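Now for the letters of each chain:
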Amino acid sequence: MILDQANTAEWDGGWTVTSNDLRQTFTPTLPRLVAVEVDLFLGNPGPAADRVTLTMYDAGGSDIASTSREVMAAGVDRVRFVFPGDVAVTPGQSYAIRVSSHVTFGWKYVVGGYERGAATFNGRPLVANTRTTFLFRTLGSN
């Protein structure tokens, strides 16, 4: 696995709950996507774990891959989602990552950050009149 895209900005405390439609666009440079890592936050303590789903969308909004896993609430931070088999992507084309779960977790975001994409909240900019990005990393291969 090779690190392809990443939001390397320093987290400053912003997060929003993953029970909403949260998406981060990104533009890969490698032709195969192997895994995606997202930075989560324990926003609403309660259950010891929650099922989190990561879904990939192409530029037209079609679902091209999805994977889920149980995430422990204790010590949550960066969570890796590995796709069963690689996902073929077109380098230079825009894709979106969606993270969803119940109200346990939030997805960390920053103002500015990753320059080749942006965060959305229920189909709109996450913060009005401000470019924001969720914290994530994509891992790919040739």
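Residues numbered from 1 in each chain as written. Predicted model: local features only at pLDDT ≥ 70, side-chain atom pairs only at ≥ 80, totals over all residues. Heavy atoms only, no water.

(A) Geometry of unusual backbone geometry. Although it is not a glycine, Asn122 sits at a positive phi angle of roughly 50 degrees. Residue classification places Asn122 among the partly exposed residues on the basis of a relative accessible area of 39%. (Buried < 20%, exposed > 50% of the residue type's maximum accessible area, 1.4 Å probe, protein only.)

(B) Main features of the side chain of Asn7. Locating Asn7 in the fold gives a position in the loop between strand E1 (2–6) and strand E2 (14–17). From its side chain, Asn7 meets the backbone nitrogen of Ala9 in a polar contact 3.3 Å long. Apart from the residues lying within four places of it in its own chain, the contact partners of Asn7 are Val110, Gly113, Tyr114, Thr133, Phe134, Leu135 and Phe136. (Helix = DSSP H or I, 4+ residues; strand = E, 2+ residues; numbered from the N terminus. Polar contact = N/O pair within 3.5 Å; in protein donor to acceptor, adjacent residues only side chain to side chain. Contact = heavy atoms within 4.5 Å.)

(C) Layout of the nonpolar core. Ranked by size, the top nonpolar core spans 28 residues in total, and within it Val38, Leu40, Leu54, Met56, Ile97 and Trp107 carry the most contacts. Among the secondary structure elements, those contributing two or more residues to this core are strand E3 (22–26), strand E4 (32–42), strand E5 (49–57), strand E6 (63–72), strand E7 (78–88), strand E8 (95–100) and strand E9 (105–111). Other than its neighbours up to four places away in sequence, Met56 contacts Phe26, Leu33, Val36, Ser62, Asp63, Ile64, Ala65, Phe83, Tyr95, Ala96 and Ile97. (Core = buried A, V, L, I, M, F, W, Y, C linked by side-chain atoms within 4.5 Å.)

(D) Structural view of the environment of Ala35. As for its position among the elements, Ala35 is in strand E4. Here the alpha-carbon distance between Ala35 and Ala74, two residues 39 residues apart in the chain, equals 22 Å.

(E) Just the side chain of Thr55, in detail. Mapped onto the elements of the fold, Thr55 is located in strand E5. Of the polar contacts made by the side chain of Thr55, one reaches the side chain of Ser66; its length is 3.3 Å.

(F) Examining the environment of Gly140 more closely. Structurally, Gly140 can be placed in strand E13 (residues 136–141). Note on Gly140: relative accessible area 1%, which makes it buried. Along the chain, Gly140 and Ala59 lie 81 residues apart, while their C-alpha atoms are 18 Å from each other. Non-local contacts of Gly140, meaning those with residues more than four positions away in its chain, are made with Met1, Ile2, Leu30, Arg32, Leu33 and Val34.

(G) Representation of the pairing of E5 in the model. The buried fraction of E5 amounts to 7 of the 9 residues, a majority that puts the element mostly inside the structure. Inspection of the sheet shows E5 paired to E6 by 9 bridges, in the antiparallel sense. Following the sheet pairing, Ala49 is matched in E6 by Met72. The hairpin formed by E5 and E6 contains 5 residues between the paired strands, and Gly61 there has a positive phi angle of roughly 90 degrees. (Pairing = 2+ DSSP bridges.)

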